[in-house]
Amino acid sequence: MKQLNKWQNAIFMISALLMVAGAGTWIFKWPYFPHVYSVGAIGYACMQMLQRYEGNNPTIRRLRRVVVFSDVLLLLTGALMFASQGNTFGLDRYLYMQYVQNNWIVLLLVAAILQLYTSYRISSELEKEAKKL
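Residues numbered from 1 in each chain as written. Predicted model: local features only at pLDDT ≥ 70, side-chain atom pairs only at ≥ 80, totals over all residues. Heavy atoms only, no water.

Focus: the overall build of the protein chain
Helix and strand counts for the protein chain stand at 5 helices and 0 strands. Each helix (α) and strand (β) of the protein chain, taken in turn from the N terminus, gives the series α-α-α-α-α. Its C-alpha atoms put the protein chain at 60 × 30 × 20 Å along the principal axes. A burial count over the protein chain gives 34% of its 133 residues as buried. Within the protein chain, residue pairs in contact and separated by at least 24 positions form 69% of the contacts whose partners lie at least 6 positions apart. Accessible surface, the protein chain: about 8600 Å² in total, of which carbon and sulfur atoms supply 68%. Positive and negative side-chain charges in the protein chain, numbering 13 and 6 respectively, have mean positions lying 1 Å apart. (Helix = DSSP H or I, 4+ residues; strand = E, 2+ residues; numbered from the N terminus. Buried < 20%, exposed > 50% of the residue type's maximum accessible area, 1.4 Å probe, protein only. Contact = heavy atoms within 4.5 Å. Areas by Shrake-Rupley, 256 points an atom, 1.4 Å probe, with all protein chains shown as cover. Lys, Arg positive; Asp, Glu negative; His and termini not counted. Charge placed at Lys NZ, Arg CZ, Asp CG, Glu CD.)

Remarks on the layout of surface pockets
Where empty space is left can be seen by rolling a probe of water-molecule size over the atoms. Volume-wise, the largest pocket comes out at about 340 Å³. Contributing to the lining of the largest pocket are 17 residues, with Met-1, Phe-12, Gln-48, Gln-51 and Ser-119 lying nearest its centre. At the level of elements, helix H1 (6–24), helix H2 (33–50), helix H3 (58–83) and helix H5 (104–132) are the ones that each hand at least two residues to the lining of the largest pocket. Top element by residues in the lining of the largest pocket is H5. It accounts for 6 residues. (1 Å grid on protein atoms, 1.4 Å probe; cavity = no way out; pocket = protein on both sides within 12 Å on 5 of 7 lines; lining within 4 Å. Points joined across faces, edges and corners; volume = space filled by probe spheres on them.)

Notes on the pattern of salt bridges
Two side chains bearing opposite charge may form a pair once their charged atoms approach each other closely. All chains considered together, the criterion is met by 2 salt bridges. Residue Arg-121 pairs with Glu-125 through a salt bridge whose shortest N-O separation is 3.3 Å. Here Glu-125 and Arg-121 lie together in helix H5, a separation of 4 residues that amounts to about one turn. For Lys-128, the salt bridge identified is with Glu-125, shortest N-O distance 3.6 Å. Placement of both Lys-128 and Glu-125 in helix H5 is noted, with a separation of 3 residues, approximately one turn of the helix. (Salt bridge = Lys/Arg side-chain N within 4 Å of Asp/Glu carboxyl O.)

Section: unusual backbone geometry
Despite not being glycine, Lys-29 has its phi angle at roughly 60°, a positive value. Among the secondary structure elements, Lys-29 is positioned in the loop between H1 and H2.

With respect to the nonpolar core
By size, the foremost hydrophobic cluster in this structure holds 16 residues, and its most contacted members are Met-19, Tyr-37, Leu-74, Met-81, Trp-104 and Leu-108. The set of elements that each furnish at least two residues to this core consists of H1, H2, H3 and H5. Element by element, the count of residues in this core is highest for H2, at 5 residues. Contacts of Met-19, omitting those with residues within four sequence positions, involve Tyr-37, Gly-40, Ala-41, Tyr-44 and Leu-74. (Core = buried A, V, L, I, M, F, W, Y, C linked by side-chain atoms within 4.5 Å.)

Don't take any of this as a statement about function, it's just geometry.
See below:
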């Protein structure tokens, strides 16, 4: 796996903190929570895209595809956060309450579980690959 340099790693960590802060401030009904989260999600996803795998291990390649899917879910979470602040889609009130309002939490949970799973699996696969060399 290609490692991030010092500045990229700092952006990665700050973006992760912004995502946590944005999702956490939703509890307090702060009106700018989707903005904070979305900036963090964009930075986080961009830095993960820079971490490429140049090897031939099919397991790691598959796990990297799962990471990319998880990054897309993190970005969609930001879009649903904006949509949950008001009926931006012009839906019927019942449909809005059922399908849009606060459903970003489900996407965030799925993305977080995928990120957690892939981080452990990729590190273990990289260790196995290093032992073979």
